[in-house]
Amino acid sequence: TVRGEINNGSKKKMAKAVEITPIDPVTNLLPLPVLARSADFFKNKVNSHHPFHPRRSWQLSGDVSPSAPFEQLGIKEAAGLAVRYSRTQSLPIFLHDRYHKIFYGPPLPEDIKSQFTTVVLACAGVVPRQAIDLSSSGEVKIVSFSKNDYEKTRHKINFEAASKKQYSKRPQISNFLVNYMLEIQREDMLSQTRVESLVASVMRPRNDEERRRAAREILAIAIEPSIEELIPAHEDAKQERMVNHPRKNLGEIVLRFISPGETYDYSNNIKQYLGDMAA
């Protein structure tokens with residue numbers, strides 16, 4: 001199944017790792033999840049499925065070691081890894097193995113703007129309403145989720161290692177998002193007197209609280225114009241009931257994702273992109 005050819009109940013003969021993973025027709029970016037019902041998890045081992053693959057694809061910065069210090073990566077390399085890290089799905093191993101015997105991978109975003117869009121929508125919790133059904137031997141079906149299966153699947157989809165603080169990829173994903181927003185908004189922000197004052201508070205704070213507050217406000221200013229073109233796609237996802245918290249706007253969701261606690265103040269990121277304002 002390829003882009004633009006997704007239909008409920010459609011069937012396709014299985015092939016060995018050559019099929020293109022179908023993507024969601026609403027976002028035209030997110031790969032469809034694999035349908036796994038409650039009974040599939042009973043007495044079956046579970047592991048994490050990365051919807052964005054193959055891992056070594058250049059679009060996912062496959063030549064960069066996953067253990068490379070993220071802060072030392074260029075923004076292009078960080079973008080590919082962020083896409084890879086931005087979504088996983090907990091699956092019974094037998095379904096995960098069956099998937100990889102059939103699908104080579106989805107169409108991957110190739111430019112940094114598309115990578116940013118993909119990461120934002122994935123980390124904003126947008127989950128397609130259709131799924132890849134691998135329950136029948138010898139065929140693949142694209143099906144619409146039942147309400148029950150959809151809610152259970154949603155709880156098994158997140159960014160990589162979300163539940164394991166020590167191994168969580170949230171800091172790496174967040175650093176990419178912050179650096180991208182600061183980079184593309186840099187010229188505009190350099191002309192704002194309010195931003196100049198906030199940067200001074202980051203560079204020469206009276207205390208840690210002032211630095212964190214100023215950094216958070218700078219990010220809030222950078223977010224809105226950075227995601228402006230993504231809002232229609234997010235609104236479409238809301239209309240299709242693909243968003244878990246429809247009352248929150250996309251800016252709020254992104255800011256909460258990149259700033260979940262006191263340690264996330266991004267002072268070094270701000271110094272890198274806007275530090276000359278306080279020179």
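Residues numbered from 1 in each chain as written. Predicted model: local features only at pLDDT ≥ 70, side-chain atom pairs only at ≥ 80, totals over all residues. Heavy atoms only, no water.

In this section: the overall build of the protein chain. A tally of regular secondary structure across the protein chain gives eleven helices and eight strands. Taken over the C-alpha trace, the protein chain has a radius of gyration of 20 Å; the compact-globule value for 279 residues is 19 Å, and the two agree within 12%. Structurally, the protein chain occupies a C-alpha span of about 65 × 40 × 35 Å along its principal axes. For the protein chain, the residues scored as buried account for 49% of the 279 residues in total. Residue pairs in contact within the protein chain that sit at least 24 positions apart in sequence constitute 75% of those at least 6 positions apart. Carbon and sulfur atoms make up 47% of the accessible area of the protein chain, which totals about 14,200 Å². Of the charged side chains in the protein chain, 40 are positive and 33 negative; the average position of the first set lies 9 Å away from that of the second. (Helix = DSSP H or I, 4+ residues; strand = E, 2+ residues; numbered from the N terminus. Rg over C-alpha atoms; globule rule 2.2 N^0.38 Å. Buried < 20%, exposed > 50% of the residue type's maximum accessible area, 1.4 Å probe, protein only. Contact = heavy atoms within 4.5 Å. Areas by Shrake-Rupley, 256 points an atom, 1.4 Å probe, with all protein chains shown as cover. Lys, Arg positive; Asp, Glu negative; His and termini not counted. Charge placed at Lys NZ, Arg CZ, Asp CG, Glu CD.)

A word on the packing of helix α6 (residues 170–190) against helix α11 (residues 267–274). Contact pair α6 / α11: the axes reach a minimum separation of 9 Å and the direction vectors enclose 35 degrees. The chirality of how α6 crosses α11 is right-handed. Across the interface between the two elements, N175, V178, N179, L182, E183, R186, M189 and L190 from α6 touch N269, I270, Y273 and L274 from α11. (Axes fitted to C-alpha atoms, helices over the stretch in contact; angles between N-to-C directions. Left-handed = near helix turned anticlockwise from the far one by under 90°.)

A large share of helix α2 (residues 75–85) lies buried, amounting to nine of its eleven residues. Of the residues making up α2, those classed as buried are I75, A78, A79, G80, L81, A82, V83, R84 and Y85. Of the surrounding secondary structure, the elements contacted by the buried residues of α2 are α4 (112–123), α6 and α11.

The description of an aromatic ring pair uses the distance of the two centres, along with the angle that the planes make with each other. The tally for this structure, following the rule as stated, stands at seven aromatic pairs. On the numbers, 6.5 Å between centres and 40 degrees between planes, the contact of F70 with Y85 is tilted. Within this pair, whereas F70 is found in the loop between β3 (46–49) and α2, its partner Y85 is found in helix α2, the two being separated by 15 residues in sequence. The exposure class of Y85 is buried, given its relative accessible area of 4%. Taking the centre distance of 4.3 Å and the plane angle of 25 degrees together, the rings of F116 and Y180 count as stacked. One end of the pair, F116, is in helix α4; the other, Y180, is in helix α6, with 64 residues separating them in the sequence. Grouping residues by exposure puts F116 and Y180 together as buried. Here a set of aromatic residues connected by ring pairs shows up, and it is made of F116, F176 and Y180. (Phe/Tyr/Trp six-rings, centres within 6.5 Å; stacked < 30°, edge-to-face > 60°.)

Quick look at α11 now. Those residues of α11 that sit buried are S267, N269, I270, Y273 and L274. Taken down its axis, α11 places every buried residue within 160 degrees of arc, on the same side. Away from the buried face of α11 by more than 90 degrees, exposed residues N268 and Q272 are located. (Arc of directions from axis to C-beta.)

The next subject is the side chain of H96. Mapped onto the fold, H96 is located in helix α3 (residues 93–102). Take H96: its relative accessible area is 9%, and that puts it in the buried class. The contacts of H96, once residues within four sequence positions are left out, are N47, S48, H49 and L91.

Moving on, we come to the side chain of D24. Topologically, D24 is positioned in the loop between β2 (19–20) and α1 (38–41). It is R87 that comes nearest to the buried, bridge-free D24 among opposite-charge side chains, at 8.2 Å. (Salt bridge = Lys/Arg side-chain N within 4 Å of Asp/Glu carboxyl O.)

On to the nonpolar core, then. Core analysis: the biggest nonpolar cluster contains 64 residues, and F116, F176, L177, L182, I218, I258 and L274 have the highest contact counts within it. Of all the elements in the fold, those that place two or more residues in this core are α2, α4, α6, α7 (193–203), α8 (208–227), α10 (250–258) and α11. Broken down by element, the residue count for this core peaks at eight residues, all from α6. Every residue in contact with L182, bar those within four places of it in the chain, is listed here: M189, I218, A222, N269, I270, Y273 and L274. (Core = buried A, V, L, I, M, F, W, Y, C linked by side-chain atoms within 4.5 Å.)

When its volume is computed, the largest pocket comes out at roughly 530 Å³. Along its surface, the largest pocket is lined by 18 residues, and C123, A124, G125, N158 and H245 are the ones closest to its centre. For the lining of the largest pocket, the residue count by class is eight nonpolar, five polar and five charged. (1 Å grid on protein atoms, 1.4 Å probe; cavity = no way out; pocket = protein on both sides within 12 Å on 5 of 7 lines; lining within 4 Å. Points joined across faces, edges and corners; volume = space filled by probe spheres on them. Nonpolar A, V, L, I, M, F, W, Y, C, P; charged D, E, K, R; others polar.)

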